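Chain by chain, the residues run as shown.
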Amino acid sequence: MKFFARRVAQALFVLWAAYTVSFVILYMLPGDPVSVLAGTEAGRDITPEQLDALRHEYGLDRPVTVQYFVRLGQVVRGDFGRSVQSHQPVQTMIADALPATAQIAGLGLLLAVVFGAGLALPATYVSWGWLRQTLLSLPPLGVAIPSFWFGLLLLQVFSFKLGLFPVVGNEGFASVVLPAVTLALPSAATIAQLLAKSMSATLREPYIETARAKGAGRPRIHLRHAVRNAALPALTVAGLVVGNLLAGAVVTETVFSRTGLGRVTALAVTTQDIPVVQGLVVFAALVFVLVNLAVDLVYPLLDPRIARPSATAS
Amino acid sequence: MTDLTSVFPPSAEAGAGDRPATAAAAPGRGRVREVLAFLVRRPGLVAAACWVALVLLAAFAPGLLTSADPLAATPADKLAAPSAAHPLGTDELGRDLYARVVHGAGLSLQATLIAVLVGLVAGSVLGLLSGFLRGWADDVIMRVVDVLLAIPGLLLSLALVTALGFGTVNVAVAVGVASVASCARVMRSEVLRVRHSLYVEAAHAGGARWTRVLVRHVLPNSSGPVLVLAALEFGTSILSVSALSFLGYGARPPTPEWGSLIASGRDYLAVAWWMTTMPGLTIAATVLAANRISRVLDGEWRHRR
């Protein structure tokens, strides 16, 4: 329980720091959101007085430190401010866009785990050298392919040539498949590399030797004895993988012209909508922190050595 | 460190095998044979080195690879498939895609180099100070690094681009800052390993000032893994830079750049596959080559059989 309380405190610290980092980046650097608005088409006939009124509305005329604490107080209460462009509350924009992104990210995560494990386990299992080499050379390839190009390639083949999936849009399950595959590619490659590495390390452990000496067959050793231990290191990067799925949505949703968090992000960056960008950064940190907390909670269940007090010290 | 420097010549100039020989004159013959044997068993590495050399040539002297003007539009030839006249086809304005990819290498590579340098220099300085000073400075720096790692890299870059504004250099800086954290981590752990070595203690005892110990003894001995990471970052930075310019935050349109080339081909996906496929393959091959070379730096030469 003490372990858990410390983790929650750490998580809150990371959130506060993510807010601070994004504040420093977005509010201390030159160019405030209101003058950006004045530079756009819509803002051409705004008078300087109106600009000042807008600055006052967003609190931008106050000293930076005051802005920092006022905004921090609002964020703690779940209020991320309003978009400079659309005047909508940022948290509503995120909540509205989240389901569409959660669909492709969820399926993407599933595919990443299935492909990653589906590649790493056979690669460490087969005894033919050439097949193993071929399988192990796939993950580096997956890491090297730009995901936006991979998405376009999928569109070209499966939507334009074969007509199996819709070209754009958010309608139905069919529209989720290609974006999810695009999102899954880099994560699947990462998981496969990690799992293959920890599998081959685990297979050299003495207890595997013992199992072999007791007459366990190859399938049993791999599936019963090795996988469970080898999967643990892969679990620790879950936060990273989910974070990358969120960030990857920016590119993927642009490629597939889907609505969702990624499009909100891309639009906010294009229009330099600072409150929205900050809200998204803090939201991404929140997701990262929550996933890591969940991993921390699950870990002792999978690995009893962690649950023992003597082991937690190390 | 010595291993790293001895690896550089064969990987950077796979063809010119005479340089390591002159470097080690007496055992030269055996050395050359060893390098050749190492390369012969790794055709992929040779291909990677050749590809990187080609990309560098394209970046510094694009005129040697193509005589076509990347901005010259001939509307009569628009959206032409790859042929003898246009090896990679033409785009919607009839510009030669091969010339645009070759000329785009300069800008893409420049942005990538800036990104790697920003990440490497800032990350190394932070890691060095953190590991060397310890105490509260270490705590502060490492907490900041933890937070930077908690925000997905691409999103952090996007936030920076929002603040800095658009353009190739700003995109490069933004990508570089996103990689500071991992660089600082690696550097710190190396410094922690090195700082208790006997030679560091000897330098202290010999009366050297801490700045001298840091620069002359700790830095050279802890930079190896960071350089390996930099080679790896080179690949990921190409991806990030081109992703950001694909989203439209990089180079302004007519200027060719790999990511924006793919973005402009997006509207002609159904009729001109080459407009996205060719620049895409170029990026993938470059990242693959960079990653392959970073694996050599990461001790493949030392662990050779």
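Worth saying up front: this structure is predicted, and the values here are computed from it rather than measured. (Residues numbered from 1 in each chain as written. Chains lettered and ligands numbered in written order. Predicted model: local features only at pLDDT ≥ 70, side-chain atom pairs only at ≥ 80, totals over all residues.)

What to know about the overall build of chain B
The number of helices and strands found in chain B is 15 helices and zero strands. Relative to its 305 residues, chain B shows a buried fraction of 47%. Here the analysis covers contacts within chain B between residues at least 6 apart in sequence; of these, 67% occur between residues at least 24 apart. (Helix = DSSP H or I, 4+ residues; strand = E, 2+ residues; numbered from the N terminus. Buried ≥ 20, exposed ≤ 12 C-beta atoms within 10 Å, placed from the backbone. Contact = placed C-beta atoms within 7 Å.)

Details of the overall build of chain A
Looking only at helices and strands, one finds 15 helices and zero strands in chain A. Classification of the 314 residues of chain A by burial places 39% in the buried group. For chain A, restricting intrachain contacts to residue pairs at least 6 apart in sequence, the fraction spanning at least 24 positions comes to 73%.

Concerning the interface of chain A and chain B
Listed per partner, the contact involves 39 residues of chain A and 36 residues of chain B. Class assignment of the residues belonging to the side of chain A that touches chain B gives a composition of 31 nonpolar, eight polar and no charged. (Nonpolar A, V, L, I, M, F, W, Y, C, P; charged D, E, K, R; others polar.)

Some words on unusual backbone geometry
Residue and element names in this part refer to chain A. Phi at His87 is positive, roughly 65°, even though this residue is not glycine. Along the chain, the position of His87 falls in the loop between helix 4 (64-76) and helix 5 (90-125). Residue His87 is classed as exposed on the basis of its C-beta count, with 8 C-beta atoms lying within 10 Å. The residue Gln272 is not glycine, and still its phi comes out positive at about 50°. Inspection of the secondary structure puts Gln272 in the loop between helix 12 (261-270) and helix 13 (274-302).

Brief notes about helix 12 (residues 210-222) of chain B
Within helix 12 of chain B, the full set of buried residues consists of Val213, Leu214, His217, Val218 and Ser222 of chain B. Against the buried residues of helix 12 of chain B lie helix 6 (97-133), helix 10 (180-194) and helix 11 (198-205) of chain B.

Points about the nonpolar core
If you look at the biggest cluster of nonpolar residues, it comprises 165 residues, and the most contacted ones within it are Ala18, Val281 and Ala285 of chain A together with Leu155 and Ala159 of chain B. Considering every element that reaches this core, the biggest residue donor is helix 6 of chain B, with 17 residues. In this structure, Ala285 of chain A is in contact with Val14, Leu15 and Ala18 of chain A together with Ala150 and Ile151 of chain B, ignoring residues within four places of it in sequence. (Core = buried A, V, L, I, M, F, W, Y, C linked by C-beta atoms within 7 Å.)

Let's talk about helix 7 (residues 135-150) of chain B
Every α-helix winds through 3.6 residues per turn, so residues three or four apart in the chain are directed the same way. Over its 16 residues, helix 7 of chain B runs 23 Å from end to end, which matches the ideal 22 Å to within 8%, given 1.5 Å per residue. Regarding helix 7 of chain B, the residues found buried are Val145, Val147, Leu148, Leu149 and Ala150 of chain B. (Expected span 1.5 Å × (residues − 1).)

Thoughts on the packing of helix 6 of chain B against helix 10 of chain B
All names here are of chain B. Axis separation between helix 6 and helix 10 bottoms out at 7 Å; the angle between their running directions is 40°. Judged by the inter-axis angle, helix 6 sits oblique to helix 10. Crossing geometry of helix 6 relative to helix 10 is assigned as right-handed. Side by side, helix 6 and helix 10 meet where Gly119, Leu120, Ala122, Gly123, Ser124, Leu126, Gly127, Leu128, Ser130, Gly131 and Phe132 of the first sit next to Val180, Cys183, Ala184, Arg185, Val186, Met187, Arg188, Val191 and Leu192 of the second. Looking at the contact of helix 6 with helix 10, its residues break down into twelve nonpolar, six polar and two charged. (Axes fitted to C-alpha atoms, helices over the stretch in contact; angles between N-to-C directions. Parallel < 35°, antiparallel > 145°, perpendicular 65-115°, else oblique. Left-handed = near helix turned anticlockwise from the far one by under 90°.)

A look at the confidence of the model for chain A
Chain-level statistics for chain A give a pLDDT mean of 82 and a share of 90% at 70 or above. Across chain A, helix 12 of chain A holds the top mean pLDDT of 90, while helix 15 (residues 309-313) of chain A sits lowest at 47. (pLDDT = per-residue confidence, 0-100.)

So, the packing of helix 13 (residues 224-246) of chain B against helix 14 (residues 258-265) of chain B
Residues and elements named next belong to chain B. Between helix 13 and helix 14, the shortest axis-to-axis distance is 7 Å and the interhelical angle comes to 40°. On the basis of their axis angle, the class for helix 13 and helix 14 is oblique. When you trace helix 13 past helix 14, the crossing you get is right-handed. Residue-level contacts link Val241, Ser242, Ala243, Leu244, Ser245 and Phe246 of helix 13 to Trp258, Gly259, Ser260, Ile262 and Ala263 of helix 14. Along the lines of polarity and charge, the residues of the contact of helix 13 with helix 14 split into seven nonpolar, four polar and no charged.

Considerations on the environment of Leu154 of chain A
Residues and elements named next belong to chain A. The topology assignment puts Leu154 in helix 7 (residues 147-161). C-alpha of Leu154 to C-alpha of Val181: the two residues are 27 residues apart in sequence and 8.9 Å apart in space. With sequence-adjacent residues up to four places away left out, Leu154 is seen in contact with Leu178, Val181 and Thr182.

Topic: the environment of Leu183 of chain A
Residue and element names in this part refer to chain A. As for its placement among the helices and strands, Leu183 is situated in helix 8 (residues 174-202). Separated by 70 residues in sequence, Leu183 and Glu253 have C-alpha atoms that sit 9.6 Å apart. When sequence neighbours within four positions are dropped, the list of residues in contact with Leu183 reads Ile104, Ala105, Gly108, Leu245, Gly248, Ala249 and Thr252.

Regarding the confidence of the model for chain B
Interpretation of this model should avoid reading the predicted coordinates in detail wherever pLDDT is low. Residue and element names in this part refer to chain B. With 89% of its residues at a pLDDT of 70 or more, chain B has an overall mean of 80. Here helix 1 (residues 2-12) stands out as the element of chain B with the lowest mean pLDDT, 41, in contrast to helix 9 (residues 168-178), whose mean of 90 is the highest. Here residues 1-25 scores under 50 on pLDDT; set against residues more than four positions off or in separate chains, the count is 35 contacts. This complex was scored by the predictor with a pTM of 0.82 and an ipTM of 0.84.

Considerations on the environment of Ala137 of chain B
Residues and elements named next belong to chain B. As for its placement among the helices and strands, Ala137 is situated in helix 7. Given 14 C-beta atoms within 10 Å, Ala137 falls into the partly exposed group. Residues Ala137 and Ala205, 68 residues apart in the sequence, show an inter-C-alpha distance of 24 Å.

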